[in-house]
Amino acid sequence: MVTAPQGASGRAASVVVGNPDSQNSDFLATPPKFTYDAVAPASIALSPASGSAGQTVTLTVTGSGTHFAQGVTTMGFGSGDVVVDSITVNRATSLTATVTVLRNPESASYPVTVVTGQEVAYLPSGFSIAAASRFLVQQSGNLQFGTPGSTLANPLAVRAQSETGLPISGVTVTFTVTFGGGSVSAASGVTDSSGLASTQLKLGPNAGPNVVTASASGFSSVSFLAGGGSSINSAMPLLLPNGGDNQTGSAGTVLPEPLTLTFVDQNRQPIPGVQIKWAVTAGGGSITTASPVSDSSGKVSATWTLGPTVGTQNATATIVIEGSNFILDPIRFTATAVAGPTPVVPSDGAVNGASFKSGVAALAPGAIASIFGTNLTAAPASGAQPGFVSGTDVLQTTANGTRVTFDGVAAPLFFLKHDAATYDQLNVQVPFELAGKTSAQLVVYLNGKPSAAVTVAVQPVSPGLFTVQTSGTGPAVALHPDYSANSAANPASRGTVILLYGTGLGPTSPAGITGKAAPHAEPLAITVSQYWPTITIGGVSASVEFSGLAPWFVGLWQVNVTVPANAPTGEQPLVLTTGGSRANPVTVFIK
């Protein structure tokens, strides 16, 4: 029996069988000939398919139609940047290879070739290498000082190198004076065989810091700091005693005194334009400032809102040298946060946010509720709207030190207002998670300090219609199909549709999601049939064309109703009923 060797499809081969008697005679006078069957070409896949500069990687090569053999199969990447250290054949269709990627590869993508005898499996761009980071680093000349207007003694030298420290020659480096008004002897230079390029700095005419930034295409930049003065420190702005340090305030509130810094030069003259970066380093508060730079008197100030943590809180102010990557020692501030006042919500303090009805069945899952009380928020008297969580369509549940829960479920926040003279107001969404319950425990937290729990009644529907005067009575917030407002000057014609807006109008399909904007495309969240509202206008039954969550909004229901053909004209009462509950009385205008 004679077996043909492996070969490419369609290839003809002759097989010669030698005589084992050590003589040169053949067993067969005419060698048999074979033609290989046509088969799919060998192919391979790599895992992983990438590596990093300077890394040794173990690759698994999986073949299809391959005949890998130990000691026979070889592997290559078309470049000396990737070196094959070893190959272990697991079976005819699988092998493991260990490869080393050089420290500074020239290309980011490499073909992979696996050869077994005359069998070749080729994978173009099969292995990639993450481009190595390249840097400019300071070599010499940083932190010099001299007389303003003079040329510094030592050149500013940079070295271009790979992330593994190898020098890179032939790189064009640009030197730019970014602060201080000085000039350089050479605006650019090309790195030599050691990766070096340099220039010399002539200081600006005034005492103070000078910054030179070295940059090159494809490289991270680096900056040099120099000073016009007797020392590098004398070139920096002087800081007069700062204000606002070591204050005490309630956790979550604004400190009464702003944080203030004043900068002067060596002659005690104010320095405007000193840039400051503020940061809270402990306590979780926040800092705001009208301007990040010192004014004409050399002053810069900021407002510090303490975080919710009782105890020591810290903040820093750091001088920013424009155009550089220098990080100077920060100026530190300390404050002591003490426990703030306890939030208080009266037993009837939670009401429907549209009708302002309180008492039995005042709240429904998903509805907008208004909560009144004292010490409920650190928001200003002008009010605050927390809005959506950044990058989402979900409302925030914590803002201005305030958090509200119903049976432990956080309530999304619409509006917060603190008014020490009267009462605080919070507009929140009642979580949909309360569906099926008849009551819930409401708790308001201010900077982590909870109010006493208040029991609120819950039922599936608690309809409220929004009114123009935001009092729950009078003309309804109603729109025509062109979104103009229904009013005495713009009444609705009989037979036309008007759009009403309310809250607490019951379950929808699909169900609403707490805090999330209602869908604006099919399927819209439509009121389930059990709670489909009925409406009369001027005592005449009207047809409800749509009822459901208002697209794009949270906690808001929209009802589209057709004005009856026989509705009386003028300002007419509109009555909405759903689930056996009647909404607050409102009016609309008909012509």
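Being a predicted model, the structure only gives us computed values, none of them experimental.

Draft legend 1. Here's a closer look at the overall build of the protein. For the protein, the count of helices and strands is 0 helices and 49 strands. By residue count, 42% of the 591 residues in the protein fall in the buried class. Considering only contacts in the protein between residues 6 or more positions apart, those separated by 24 or more positions represent 60%. Put simply, the protein shows about 27,800 Å² of open surface, and 54% of that area lies on carbon and sulfur atoms.

Draft legend 2. Here's a closer look at the pairing of strand β9 (residues 109-116). Where burial is concerned, the two faces of β9 differ: the one with Tyr110, Val112, Val114 and Thr116 is buried and the one with Ser109, Pro111, Thr113 and Val115 is not. Looking at chain direction, strand β6 (residues 74-76) and β9 are connected through 3 bridges and run antiparallel. Of the residues in β9, the one forming a bridge with Met75 is Val114. The pairing of β9 with strand β10 (residues 119-130) spans 7 bridges and is classified as antiparallel.

Draft legend 3. Fine view of the pairing of strand β27 (residues 311-320). Pairing of strand β24 (residues 275-282) with β27, which is carried by 7 bridges, proceeds in the antiparallel orientation. Residue pairing across strands places Lys277 opposite Thr318, the latter belonging to β27. Pairing of β27 with strand β28 (residues 331-338) involves 7 bridges; the strand directions are antiparallel. By the bridge assignment, Ala315 is partnered in β28 with Phe333.

Draft legend 4. Broad picture of the side chain of Asn584. Structurally, the position occupied by Asn584 is in the loop between β48 (581-582) and β49 (586-590). In contact with Asn584, not counting residues within four places along its chain, are Ala354, Ser355, Lys357, Pro463, Gly464, Leu465, Thr467 and Gly472.

Draft legend 5. Structural detail: the pattern of salt bridges. Evaluation of the coordinates by the stated rule reveals 2 salt bridges. Lys516 is the partner of Asp393 in a salt bridge, and the nearest nitrogen-oxygen pair spans 2.9 Å. Of this pair, Asp393 sits in the loop between β30 (368-373) and β31 (398-399) while Lys516 sits in the loop between β42 (508-509) and β43 (526-527), and the two are 123 residues apart along the sequence. On the basis of relative accessible area, Asp393 is assigned to the partly exposed category, the value being 29%. Looking at Lys516, the relative accessible area reads 34%, which means it is partly exposed. The salt bridge involving Lys437 is made with Asp407; its shortest N-O contact spans 2.8 Å.

Draft legend 6. Just the confidence of the model for the protein, in detail. Residue-level pLDDT values for the protein average 86, and 87% of them are 70 or greater. Within the protein, the lowest mean pLDDT, 51, falls on strand β1 (residues 12-14), and the highest, 98, falls on strand β46 (residues 557-562).

Draft legend 7. Broad picture of the sheet that holds strand β13 (residues 156-162). Across the sheet, 3 strands lie side by side as β11-β13-β17; this open sheet has antiparallel pairing. Two strands bound the open sheet, and with one partner strand each, they are β11 (134-140) and β17 (196-199). Across the sheet, the mean angle separating the axes of adjacent strands is 30° when strand polarity is ignored. The pairing of β13 with β17 spans 4 bridges and is antiparallel. In the strand pairing of β17, Leu156 is matched with Thr199.

Draft legend 8. Geometry of the packing of aromatic side chains. Tallied over the full model, the rule gives 4 aromatic pairs. Residues Phe356 and Phe372 carry aromatic rings whose centres are separated by 6.5 Å and whose planes lie at 45° to one another, so their mutual orientation is tilted. One end of the pair, Phe356, is in the loop between β29 (350-352) and β30; the other, Phe372, is in strand β30, and 16 residues separate them in sequence. By the ring-pair criterion, three or more aromatic residues cluster together here, those being Phe356, Phe372 and Tyr423.

Draft legend 9. Representation of empty space enclosed by the protein within the structure. Overall, the coordinates contain 2 cavities of 30 Å³ or more when judged by the stated rule. Taken as a whole, the largest cavity encloses approximately 40 Å³ of empty space. Forming the boundary of the largest cavity are Gln429, Phe432, Gly512, Ile513, Lys516, Ala518, Leu549, Phe553, Val554 and Gly555. Here the lining of the largest cavity is built from residues that sort into 6 nonpolar, 3 polar and 1 charged.

Draft legend 10. Molecular detail of unusual backbone geometry. Residue Pro510 follows Ser509 across a cis peptide bond; omega there is 0°. Locating Pro510 in the fold gives a position in the loop between β42 and β43. Of note, the bond from Glu522 into Pro523 is cis; its omega dihedral lies within 30 degrees of zero at 0°. By the element assignment, Pro523 lies in the loop between β42 and β43. The phi torsion at Asn246 lies on the positive side, around 60°, for a residue other than glycine. One can find Asn246 in the loop between β21 (238-243) and β22 (247-250). Overall, the relative accessible area of 60% leaves Asn246 in the exposed class. Within the chain, Trp552 stands out as a residue other than glycine whose phi angle is a positive 80°. In this structure, Trp552 sits in the loop between β45 (540-549) and β46. A relative accessible area of 58% places Trp552 in the exposed class.

Draft legend 11. Up close: the sheet that holds strand β4 (residues 50-52). The 4 strands lie next to each other as β4-β10-β9-β6, forming an open sheet whose pairing is mixed. The sheet is open, and its two borders are formed by β4 and β6, each paired with just one other strand. Sheet twist, expressed as the mean angle between neighbouring strand axes with direction ignored, is 30°.

Definitions and limits used
Sequence order as written defines residue numbering, which begins from 1 separately in each chain. Per-residue local features of the predicted model are confined to residues with pLDDT of at least 70, and side-chain atom pairs are confined, for both listing and counting, to 80 or more; whole-chain, interface and lining totals are unaffected and use all residues. As a rule here, side-chain values cover all heavy atoms of the structure and leave hydrogens and water aside. Secondary structure elements follow DSSP: runs of H or I of four or more residues count as helices, runs of E of two or more count as strands, with numbering from the N terminus. For every residue, the accessible area obtained with a 1.4 Å probe (protein chains only) is divided by the maximum for its type, and the residue is called buried under 20%, exposed over 50%, and partly exposed between those limits. Note on definitions: a residue-residue contact is assigned when non-hydrogen atoms from the two residues lie within 4.5 Å. Throughout, the Shrake-Rupley method with a 1.4 Å probe supplies accessible areas, and for residues the shown protein chains are the sole cover considered. At least two DSSP bridges between two strands are needed for those strands to be called paired. Salt bridges are identified by distance alone: a Lys or Arg side-chain nitrogen within 4 Å of an Asp or Glu carboxyl oxygen. Per-residue confidence from the prediction method is given by pLDDT, with values spanning 0 to 100. Throughout, an axis means a line fitted to C-alpha atoms (over the contacting stretch in the case of helices), and angles, computed between N-to-C directions, take values from 0 to 180 degrees. Two aromatic rings from Phe, Tyr or Trp, using only the six-membered ring of Trp, form a pair when their centres are within 6.5 Å; if the ring planes differ by under 30 degrees the pair is stacked, by over 60 it is edge-to-face, and anything between is tilted. Grid points spaced at 1 Å and placed over the protein atoms alone form the basis of the search, with a cavity being a set where a 1.4 Å probe fits but cannot get out and a pocket an open set showing protein on both sides within 12 Å along at least five of seven lines. Lining residues have an atom within 4 Å of a point. Grid points are joined across faces, edges and corners, and a volume is the space filled by probe spheres set on the points. Note on residue categories: nonpolar means Ala, Val, Leu, Ile, Met, Phe, Trp, Tyr, Cys or Pro, charged means Asp, Glu, Lys or Arg, and polar means any other residue, Gly included.

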